[in-house]
Amino acid sequence: AMEGVSATSGDGQFGDDQFGDGQFGDEQDGVITLMMNKLVPYLYTNATTELEHLITQPELIVPLCYIADEMLLHRVRHAALELLIESVDIDNCCSLLRVADDLSEPALRQRCHETMVANLVAVEESEFYDLVPPQVQGQLKVLAQASKSNPLCCGARLHNAKELLAMLRESVDEQELR
């Protein structure tokens with residue numbers, strides 16, 4: 001996993017209309033320029049080595065996901081998203097959840113939810129917890145409580161209510177068989 005991966009930068013955020021109006025903060029403009037300088041060689045060569053150069057800098061991963069999504073660069077998008085999924089931690093799960101929603105990426109969303117459920121107390125203290133919609137916050141609290149208190153799924157990596165119900169159903173089925 002890469003250290004320092006986050007979906008926010010300075011006082012701005014990546015996503016929404018970030019690439020549409022040309023209005024970047026200096027820090028974001030520098031990240032976009034750096035990323036585009038690394039993206040152009042890949043676009044010319046389509047080489048795996050160039051792709052590896054693209055995804056070696058943590059500050060470029062999130063903008064790369066958005067640009068690859070917009071430009072339909074599936075291989076780049078997939079590689080960057082795999083790296084993001086591996087990099088989800090307590091510090092970035094709230095901001096990366098927004099990236100997952102923006103890019104309609106269920107695997108990243110699942111990993112963010114699992115991380116949040118497993119570490120909810122610490123995550124709630126994050127400055128980015130407000131990025132999580134109130135409805136999702138409520139669902140995560142219920143899942144965290146179930147994960148910690150229910151002996152059938154104690155410590156489970158839950159990411160949604162369906163997963164919790166499936167675990168409970170399997171446990172009941174196993175007990176019935178005995």
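Okay, so let's go over this structure. No experiment lies behind these values; they were computed from the predicted model shown. (Residues numbered from 1 in each chain as written. Predicted model: local features only at pLDDT ≥ 70, side-chain atom pairs only at ≥ 80, totals over all residues. Heavy atoms only, no water.)

**Some remarks on the overall build of the protein chain**
For the protein chain, the count of helices and strands is nine helices and two strands. For the protein chain, the succession of helices and strands along the chain, N to C, is β-β-α-α-α-α-α-α-α-α-α. Contacts in the protein chain between residues far apart in sequence, at least 24 positions, make up 54% of those at least 6 positions apart. Summed over its atoms, the accessible surface of the protein chain is roughly 10000 Å², and 50% of this surface lies on carbon and sulfur atoms. (Helix = DSSP H or I, 4+ residues; strand = E, 2+ residues; numbered from the N terminus. Contact = heavy atoms within 4.5 Å. Areas by Shrake-Rupley, 256 points an atom, 1.4 Å probe, with all protein chains shown as cover.)

**What about helix 3 (residues 58-70)?**
Residue Leu64 marks the point of greatest curvature in helix 3, where the axis turns by about 30°. Of all the 13 residues making up helix 3, ten are buried; the element is thus mostly covered by neighbouring parts of the structure. Burial in helix 3 covers these residues: Pro58, Leu60, Ile61, Val62, Pro63, Leu64, Cys65, Tyr66, Ile67 and Ala68. The first or second residue beyond helix 3 is Leu72, which carries a positive phi of 60°. (Bend = angle between axes of the 7 residues up to and from the residue. Buried < 20%, exposed > 50% of the residue type's maximum accessible area, 1.4 Å probe, protein only.)

**As for the nonpolar core**
Formed by 42 residues in total, the largest nonpolar core has its most connected members in Leu84, Leu108 and Met116. Broken down by element, this core gets its largest block of residues, eight residues, from helix 3. In contact with Leu108, other than residues within four places in its own chain, are Leu81, Leu84, Ile85, Val88, Leu96, Val99 and Ala100. (Core = buried A, V, L, I, M, F, W, Y, C linked by side-chain atoms within 4.5 Å.)

**As for the pattern of salt bridges**
Taken as a whole, this structure holds five salt bridges when the rule is applied. Taking the shortest distance from any N to any O, the salt bridge between Asp102 and Arg98 comes out at 4.0 Å. With Asp102 and Arg98 both in helix 5 (residues 93-102) and four residues apart, the pair spans about one turn of that helix. Among the salt bridges present, the one from Asp101 reaches Arg109, with a minimum N-O distance of 2.8 Å. The network of salt bridges with common partners includes Asp69, Arg77 and Glu105. (Salt bridge = Lys/Arg side-chain N within 4 Å of Asp/Glu carboxyl O.)

**Examining the packing of helix 4 (residues 74-87) against helix 6 (residues 106-118)**
The description of two helices packed together rests on the angle between their axes and the distance between the axes. Contact geometry of helix 4 with helix 6 gives a least axis separation of 9 Å together with a crossing angle of 10°. Compared by their axis directions, helix 4 and helix 6 come out roughly parallel. Note on element contacts: helix 6 touches helix 4 through Ala107, Leu108 and Arg111, opposite Leu81, Leu84, Ile85 and Glu86. Of the residues contributing to the contact of helix 4 with helix 6, the split by class is five nonpolar, no polar and two charged. (Axes fitted to C-alpha atoms, helices over the stretch in contact; angles between N-to-C directions. Parallel < 35°, antiparallel > 145°, perpendicular 65-115°, else oblique. Nonpolar A, V, L, I, M, F, W, Y, C, P; charged D, E, K, R; others polar.)

**A word on the environment of Leu39**
Note that Leu39 resides in helix 1 (residues 26-45). Since its relative accessible area comes to 0%, Leu39 is described here as buried. Measuring from C-alpha to C-alpha, the distance between Leu39 and Leu64 comes to 8.6 Å, with 25 residues separating the pair along the chain. If near-sequence neighbours (up to four positions away) are discounted, Leu39 is found in contact with Leu54, Leu64, Ile67, Met71 and Leu73.

**With respect to unusual backbone geometry**
Backbone geometry places Leu72, a non-glycine residue, at a positive phi of 60°. Here Leu72 shows up in the loop between helix 3 and helix 4. By relative accessible area, Leu72 is classed as exposed at 59%. Residue Ser104 is not a glycine yet carries a positive backbone phi of 50°. As for its placement among the helices and strands, Ser104 is situated in the loop between helix 5 and helix 6.

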